[in-house]
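Below are the chains, spelled out letter by letter.
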Amino acid sequence: MDWELLRSSAWPLLQGLVLGTIPLTAVSFVVGMVIAVVVALMRLSPVGVVSGAARVYVSAVRGTPLLVQLFIIFYGLPSLGVTLDPWPAATIAFSINVGGYAAEVVRSSILSVPRGQWEAAATVGMDYPTALRRVVLPQASRIAVPPLSNTLISLVKDTSLASTVLVTDMFRVAQQIAAPTYQFFTLYGLAALYYWVVCLVLSTLQDRLEVRLNRYVTA
Amino acid sequence: MTAPLEPTRPLVEVSGLRKSFGENHVLRGVDAAVPTGSVTVLIGPSGSGKTTVLRCLNALERPEAGAVRVGEVAVDFSELPSLGRRAAQQAEVRLRAQSGMVFQSHFLFPHRTALENVTEGPVVVQGRPKEQARAEGLELLERVGLAGRADALPSQLSGGQQQRVGIARALAIHPQVVLFDEPTSALDPELVGEVLAVMKDLAEQGSTMVVVTHEIRFAQQVADQVLFLDGGVVVERGPAAQVIADPREERTRRFLKRLLDPL
C-alpha cells in the first residue's frame, strides 16, 4: 500500500467524482425518469401499437448489456453517420438504460394504486391527466421510491463504464493514475471507497424520503 | 336552445339499461326516474345489479344499451361506440359532472387532508378561487359534523368520519344528484348511525339522492321511492312504505325477510 500515492490521489479522484461521476449520474437519472414515465404511460395505453412499442423498448433495454448499449452509441453510431462526443454518448446510453428499467417500476407503481382512486378522481371531475398528476402519481411515488433508489444506486456504479468511452469520470482518473504506478489496489480500492460513500449517502436520503412519503399512510 | 321544462319532468331518467360482464348479464333492461329533490333507494340481493345501475348513472360503467339523462345532459350508451373513443369519453365526463358519488370504501385521497379532499374538485377541476373553495369546504365539513377535523389526514379519521368527508367531497362540486354506493356497508355497526344521520339531513334539505343500501330503516324513514332489483331487472318499485311494509312481489318479500331476520 503506497500511502503517499493514496494521499496525493484523494483529490484528483474526488474531482473525477464531482465533475464526472455525479453529474453523469444526475443528468442520466433525470432524463431516464422522464423516459420512464412516458414509456410507462405508453405501456398502460389501451392502443395496441403504443403499448407494443413501449414493450419492445423495455425488452430491448433489459435484454442487452449496458456495456454493449454504450459501445453501440459511441463506437457504432458513427458508421451510420452519427458521431457523438464521449459525454453526450454516455449520457444518452445511461438515460435510455435507466428509462427501460425505471419504466417497469413506474408502471407497476401506477398499477398498485387502487382503481377506486381513479374512480374517485373521475367523480370529482378529473380527466385522465389531472387524475394522474393530482391523485395517482403522488400515491405511486411512495411505492416507487425503494425500487427507484435501487436503480439510482446501480446507476452510480454503472457510470464507471463510461470510462470505456473516454469520459473522464472518477474511475477513469483512477485508471490513469494507476497505470504508470502499477498501484492498482490502492487506486481502485480508493475508487471503490468513494462509490460506497456516495451510495451510503443515497441510502440515507432514501430512508428519509420514505419516511416523508409514508407519513399519510399510518395514523 | 333547451326545450322548456315540463314541471313533472324528473331530474334523472334511466331507460333500457343493459350491461353484461362476459357471460354474466348484470342488467337486463332497467328503467327508472328520480324526481328533483327526492330520495330513491335501490335494494336487492348482491349481484342483483343495483350498484351497477348506480355506476351507470355517472358512467363509471358503460352499459351496452340504454340511456341516462341527468338534468340537461343525456347520454345514449348504445350510440357511444359509433362516436369514437374521444367523443364517447367526453360525453361520459359531461354526464359524470352532473353527479357526486359516495363510495362504499370512501376512496378519499389519502395524501390530502379532509379539507383538501373536499376542495380538490372545485379548485383543480372547476377552477374556483382557492379562498372561496376553502370557505365553502369548511362549511361543508361543518355540515357533516367535522368542523374541527379539516386538517386531519384520512388515516387519522375513523371510518364514519372518513365517509362523512366523502359526502362533503361529493357535495363540493355542486352536483345535481348525489349517488351513494352502500355508504355504510364497510363501517363498524356503531359508526353507521352518524353517516345515515348526515344523509337524512341532506335529504331533508332537499338534495336529490340515489342510494344503494341494505339499511332498511333508512329507506323507510327517508326514501320517497324504493326500487327492488333482482337478476338485473326492477322487480318492484313504489313508495317506501308500500314496497317495504307491504311488498307485492314474492321475491321482494323473501329478500326483506332474509334481511330483517337473517336467522
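Residues numbered from 1 in each chain as written. Chains lettered and ligands numbered in written order. Predicted model: local features only at pLDDT ≥ 70, side-chain atom pairs only at ≥ 80, totals over all residues. Heavy atoms only, no water.

Caption draft 1: Here's a closer look at the interface of chain A and chain B. Taken together, the contacts link 23 residues of chain A with 23 residues of chain B. Taken together, the two surfaces of chain A and chain B that pack against each other cover about 2000 Å², and 65% of this comes from carbon and sulfur. A per-residue breakdown of the area chain A buries against chain B is headed by Thr123, Val124 and Tyr216 of chain A, which together make up 32% of the total. Run the count over chain A and chain B and you get 2 salt bridges. (Contact = heavy atoms within 4.5 Å. Buried area = accessible area lost by both parts, 1.4 Å probe. Salt bridge = Lys/Arg side-chain N within 4 Å of Asp/Glu carboxyl O.)

Caption draft 2: A look at empty space enclosed by the protein. Residues and elements named next belong to chain B. This structure, assessed with the given rule, holds 1 cavity of 30 Å³ or more. Here the largest cavity defines a volume of roughly 60 Å³. For the lining of the largest cavity, the secondary-structure elements that each account for two or more residues are β1 (12-21), β2 (24-34), β3 (39-43) and α1 (50-57). Grouping the constituent residues of the lining of the largest cavity by class yields 9 nonpolar, 1 polar and no charged. (1 Å grid on protein atoms, 1.4 Å probe; cavity = no way out; pocket = protein on both sides within 12 Å on 5 of 7 lines; lining within 4 Å. Points joined across faces, edges and corners; volume = space filled by probe spheres on them. Helix = DSSP H or I, 4+ residues; strand = E, 2+ residues; numbered from the N terminus. Nonpolar A, V, L, I, M, F, W, Y, C, P; charged D, E, K, R; others polar.)

Caption draft 3: Broad picture of the sheet that holds strand β4 (residues 65-70) of chain B. All names here are of chain B. One open sheet accounts for 4 strands, arranged β2-β1-β4-β5; its pairing is antiparallel. Two strands close off the open sheet at either side, each with one partner strand: β2 and β5 (73-76). On average, each strand axis in the sheet is tilted by 15 degrees relative to the strand beside it, whichever way the strands run. Bridge analysis of β1 against β4 gives 5 bridges, and the strand direction is antiparallel. Note that in β4 the partner of Glu13 across the bridge is Arg69. Against the sheet, helix α3 (residues 85-96) makes contact with β4 and β5, and its axis sits at roughly 140 degrees relative to β5, the strand it touches most. (Pairing = 2+ DSSP bridges. Axes fitted to C-alpha atoms, helices over the stretch in contact; angles between N-to-C directions.)

Caption draft 4: Main features of the packing of aromatic side chains. For the coordinates displayed, the defined rule picks out 8 aromatic pairs over all chains. A centroid spacing of 4.9 Å and a plane angle of 70 degrees characterise the contact between Phe71 of chain A and Tyr75 of chain A, whose relative ring orientation is edge-to-face. On the criterion of helical spacing, the pair formed by Phe71 of chain A and Tyr75 of chain A is a turn pair, its members being 4 residues apart in helix α3 (residues 66-76). Using a relative accessible area of 35% as the deciding quantity, one classes Phe71 of chain A as partly exposed. Relative accessible area serves as the criterion here: at 43%, Tyr75 of chain A is assigned to the partly exposed category. When the centroid spacing of 5.3 Å and the interplanar angle of 40 degrees are considered together, the rings of Phe228 of chain B and Phe255 of chain B count as tilted. A residue pair is termed long-range when its members are at least 10 positions apart, and Phe228 of chain B in strand β9 (residues 225-230) and Phe255 of chain B in helix α10 (residues 250-260) qualify at 27 residues. Assessed through its relative accessible area of 0%, Phe228 of chain B is described here as buried. (Phe/Tyr/Trp six-rings, centres within 6.5 Å; stacked < 30°, edge-to-face > 60°. Buried < 20%, exposed > 50% of the residue type's maximum accessible area, 1.4 Å probe, protein only.)

Caption draft 5: Expanded view of the packing of helix α1 (residues 3-43) of chain A against helix α6 (residues 128-158) of chain A. All names here are of chain A. One can describe the packing of α1 onto α6 by two numbers: an axis separation of 11 Å at closest approach and a directional angle of 140 degrees. It follows that α1 is oblique to α6 by the angle criterion. Crossing of α1 against α6: the hand is right-handed. For the pair α1 and α6, the contacting residues are Thr21, Thr25, Ser28, Phe29, Met33 and Leu41 in the first and Tyr128, Leu132, Leu148, Leu152, Leu155 and Val156 in the second. For the contact of α1 with α6, the class distribution of residues is 9 nonpolar, 3 polar and no charged. (Parallel < 35°, antiparallel > 145°, perpendicular 65-115°, else oblique. Left-handed = near helix turned anticlockwise from the far one by under 90°.)

By themselves, these figures tell us nothing about what the structure is for.
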